[in-house]
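# A look at the structure
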Amino acid sequence: MIGPFPTAVLVRIWLTDFHTPVFTFYSDGNHATVVGSNPYLVSIRDSVFGTITTGPLVPPPGDGNLNVVITIA
């Protein structure tokens, strides 16, 4: 649990891929899917074996390397 906060805050989830080179992928980036409306399912997929992908690598909901359920109360 985080908060409460007196004003709205941005909740940003991230996944760091520690293969060489190191990349960090964010929940608002082109390697993530966010579905739902409280709770939210955030799925983030990293690069393929540390390589740079040529296009978005967006996972289907629930099929990321990291899957997190966020509930805002």
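Please refer to the structure placed before this passage.
Now for a quick tour of the structure. (Residues numbered from 1 in each chain as written. Predicted model: local features only at pLDDT ≥ 70, side-chain atom pairs only at ≥ 80, totals over all residues. Heavy atoms only, no water.)

### A short note on the sheet that holds strand β3 (residues 32-36)
For clarity, the threshold we go by: For two strands to count as paired, DSSP must find a minimum of two bridges between them. Numbering of helices and strands runs from the N terminus; a helix is a DSSP stretch of H or I covering at least four residues, while a strand is a stretch of E covering at least two. Every angle, taken between N-to-C directions, lies between 0 and 180 degrees, and every axis is a line fitted to C-alpha atoms, over only the stretch in contact when it is a helix.
Sheet architecture is open: 3 strands sit in the order β3-β4-β5, paired in antiparallel fashion. Both edges of this open sheet fall to β3 and β5 (66-70), since each of them pairs with a single strand only. Taking the axes of each pair of neighbouring strands and ignoring which way they run, one obtains an average angle of 15 degrees across the sheet. For strand β4 (residues 40-44) and β5, the ladder comprises 5 bridges, and the chain directions are antiparallel. Across the sheet, residue isoleucine 44 finds its bridge partner in β5, namely leucine 66.

### Overview of the environment of alanine 32
This is how it is decided: Every residue pair with non-hydrogen atoms within 4.5 Å of one another is taken to be in contact.
Looking at where alanine 32 falls in the secondary structure, it is placed in strand β3. Sequence separation between alanine 32 and proline 61 is 29 residues; the distance between their C-alpha atoms is 8.9 Å. Dropping the residues within four chain positions of it, alanine 32 is found in contact with Tyr26, Ser27, Ser43, Ile44, Val58 and Pro59.

### Notes on the packing of aromatic side chains
In plain terms, the rule: Stacked, edge-to-face and tilted labels apply to pairs of Phe, Tyr and Trp rings (six-membered ring for Trp) whose centres lie within 6.5 Å, assigned for plane angles under 30 degrees, over 60, and everything in between, in that order. Remark: exposure states derive from per-residue accessible area (1.4 Å probe, protein chains only) relative to the maximum for the residue type, with buried under 20%, exposed over 50%, and partly exposed in between. Only lysine NZ and arginine CZ atoms are considered, and such an atom sits over a ring when it is within 6 Å of the ring centre and within 35 degrees of the ring normal.
Applying the stated rule across the entire model yields 1 aromatic pair. Summarising the aromatic geometry, the rings of phenylalanine 23 and phenylalanine 25 are spaced 6.2 Å apart at their centres and angled 40 degrees between planes, so their arrangement reads as tilted. By relative accessible area, phenylalanine 23 is classed as partly exposed at 24%. On the basis of relative accessible area, phenylalanine 25 is assigned to the buried category, the value being 9%. One residue, arginine 12, lies across the ring of tyrosine 26, its end atom 3.8 Å from the ring centre.

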